[in-house]
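Secondary and tertiary structure notes
Read off the chains here:
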Amino acid sequence: MKLRTICLSVMFIFLTGCVAMQPVKWKDTRAVNTIKISTLEIETLVDVPEHELEFMRTDIKNRLSHAQFWSEEPSEYTLKVTIDTYEEGSAFARAILIGLGQMHLNGSVELLAGDPPKVVKSGYFEKNYVAGGIAGATATMHKDVVTKLGSAIIEALKHPSKNES
């Protein structure tokens, strides 16, 4: 009985929950695979550390470029990312129990075109990290949440029908 309790305790320590893999969800499924974005705007409605904002700008731009959505030449398209929730949570609370100390990065994504800009496509993202045990205790906002935003945006641009609401 003691061995079983110990084994269950050890298994619980390594349990993980949702780890910020949620996609961007578009409000429509129109494909946008022929666009070239030349401007990236990131704004925040909450406090976000400047180094994280700079990382998001660089990471999203690099991913757009690698996926051939980026243009160094001026184009009519702008990608606007608005952060409305940024919560780092508590590593200690995550270590104690799955669901405590959650990390959140939520907001919206808009593809704008024209002058004045009009919304061509819009959606939202909810990057939530809900893990417990050692995985939760060692998780960081940068490594386990912020780094996943750029790839979610690219995946949504490439495959809009997979990410519908």
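In this text the structure is predicted, and so the values were computed from the model without any measurement.

On to unusual backbone geometry, then. The omega angle of the peptide bond from aspartate 115 to proline 116 is 10°, so this bond is cis rather than trans. Within the secondary structure, proline 116 sits in the loop between β5 (103-113) and β6 (118-130). Residue glutamine 68 is not a glycine yet carries a positive backbone phi of 65°. Here glutamine 68 shows up in the loop between α2 (50-66) and β4 (77-87). Residue glutamine 68 is classed as exposed on the basis of its relative accessible area of 57%.

Right, let's talk about the packing of α2 against helix α6 (residues 149-158) for a bit. Taken N-terminus to C-terminus, the directions of α2 and α6 make an angle of 35°; their axes are 8 Å apart at the nearest point. Between α2 and α6 the crossing geometry is right-handed. Contacts between α2 and α6 involve Met56, Asp59, Ile60, Arg63 and Leu64 from the former and Leu149, Gly150, Ser151, Ile153, Ile154 and Leu157 from the latter. Across the contact of α2 with α6, the residue classes tally to 7 nonpolar, 2 polar and 2 charged.

Thresholds, definitions, all that
- Residues numbered from 1 in each chain as written.
- Predicted model: local features only at pLDDT ≥ 70, side-chain atom pairs only at ≥ 80, totals over all residues.
- Heavy atoms only, no water.
- Helix = DSSP H or I, 4+ residues; strand = E, 2+ residues; numbered from the N terminus.
- Buried < 20%, exposed > 50% of the residue type's maximum accessible area, 1.4 Å probe, protein only.
- Axes fitted to C-alpha atoms, helices over the stretch in contact; angles between N-to-C directions.
- Left-handed = near helix turned anticlockwise from the far one by under 90°.
- Contact = heavy atoms within 4.5 Å.
- Nonpolar A, V, L, I, M, F, W, Y, C, P; charged D, E, K, R; others polar.

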